[in-house]
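Descriptive analysis of the structure
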Amino acid sequence: MAERLYAIRGATGAENTAESIQKNVCEMCLRLFSENRLAQGNFVSIQFTITDDLDAMNPAMALRKGQDDFDVSQIPLFCSQEPKIMGSPKKMIRVLVTAYMDENSKPIPVYINGGEKLRPDFAKKL
């Protein structure tokens with residue numbers, strides 16, 4: 001089976017508490033991993049951006065600490081601040097997962113907990 005490199009996007013909203021950031025980041029990431037059938041060896045890196053109104057916890061740390069379902073200890077994680085753009089939604093955490101998948105795969109983005117407003121065309125209705 002041939003593989004190719006994909007970039008998979010997602011976003012979630014959160015309140016500015018460590019608990020909210022951790023819960024929402026883990027929910028978004030674990031769902032993204034599951035829906036895209038990603039295994040430990042598929043990952044290249046995971047990059048987060050976070051709006052400046054969320055400063056209670058780094059999303060990379062939140063993913064490392066917040067779940068026991070998936071080992072991210074060997075995956076490079078990175079976080080940066082989202083640019084301040086007038087009219088942009090507040091309290092948002094975005095993710096870009098770079099991973100190898102079967103070359104015929106169709107990446108499934110995950111937009112939840114308010115992240116749906118960023119890309120309503122990608123947001124799933126549950």
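Residues numbered from 1 in each chain as written. Predicted model: local features only at pLDDT ≥ 70, side-chain atom pairs only at ≥ 80, totals over all residues. Heavy atoms only, no water.

Right, let's talk about the side chain of N42 for a bit. Along the chain, N42 turns up in the loop between α1 (18-35) and β2 (43-50). Within the structure, the side chain of N42 is placed 2.5 Å from the backbone nitrogen of A39, a separation counted as a polar contact. When residues no more than four places from it in sequence are discounted, the contact partners of N42 are E3, R37, T98, A99 and Y100. (Helix = DSSP H or I, 4+ residues; strand = E, 2+ residues; numbered from the N terminus. Polar contact = N/O pair within 3.5 Å; in protein donor to acceptor, adjacent residues only side chain to side chain. Contact = heavy atoms within 4.5 Å.)

Attention now goes to the packing of aromatic side chains. Under the counting rule described, the total for this entry stands at 3 aromatic pairs. Ring geometry for F33 against F43: centres 4.9 Å apart, planes inclined by 75°, an arrangement best described as edge-to-face. Of this pair, F33 sits in helix α1 while F43 sits in strand β2, placing them 10 residues apart in sequence. Residue class for F33 comes out buried when judged on its relative accessible area of 2%. Every member of this aromatic cluster is reached through a ring pair, and the members are F33, F43 and F70. (Phe/Tyr/Trp six-rings, centres within 6.5 Å; stacked < 30°, edge-to-face > 60°. Buried < 20%, exposed > 50% of the residue type's maximum accessible area, 1.4 Å probe, protein only.)

With 18 residues, α1 ought to run about 26 Å at 1.5 Å a step, and its terminal C-alpha atoms sit 26 Å apart, in line with that. Of the residues making up α1, those classed as buried are S20, I21, N24, V25, C26, M28, C29, R31, L32 and F33. Elements that come into contact with the buried residues of α1 comprise β1 (3-13), β2, α2 (59-65), β4 (92-102) and β5 (110-112). Taken from the residues just after α1, R37 is the one with a positive phi, measuring 55°. (Expected span 1.5 Å × (residues − 1).)

Counting across every chain of the model gives 5 salt bridges. Across the pair D52 and K84 runs a salt bridge whose closest N-O atoms are separated by 3.3 Å. Placement of D52 in the loop between β2 and α2 and of K84 in the loop between β3 (77-81) and β4 is noted, with a sequence separation of 32 residues between them. What makes K84 exposed here is its relative accessible area of 64%. (Salt bridge = Lys/Arg side-chain N within 4 Å of Asp/Glu carboxyl O.)

Here we take up the sheet that holds β4. Within the open sheet, the 5 strands sit side by side as β3-β2-β4-β1-β5. Their pairing is mixed. Each edge of the sheet is formed by a strand with only one pairing partner; in this case those strands are β3 and β5. Each strand of the sheet is rotated relative to its neighbour by a mean of 15°, with strand direction disregarded. Pairing between β1 and β5: 3 bridges, direction parallel. Pairing of A11 across the sheet is with Y111, part of β5. Helix-sheet contacts for α1 involve β1, β2, β4 and β5, and the interaxial angle to β1 is about 150°. (Pairing = 2+ DSSP bridges. Axes fitted to C-alpha atoms, helices over the stretch in contact; angles between N-to-C directions.)

The backbone of R37 shows a phi angle near 55°, a positive value even though the residue is not glycine. Unusually for a residue other than glycine, K91 sits at a positive phi of about 55°. Along the chain, K91 turns up in the loop between β3 and β4.

It is worth spelling out the state of the cysteines at this point. Inspection of every chain in the model, using the stated rule, returns 0 disulfides. C26 forms no disulfide, and the closest cysteine sulfur to it belongs to C29, at a distance of 7.1 Å. C29 sits in the buried class, given a relative accessible area of 1%. (Disulfide = S-S within 2.5 Å.)

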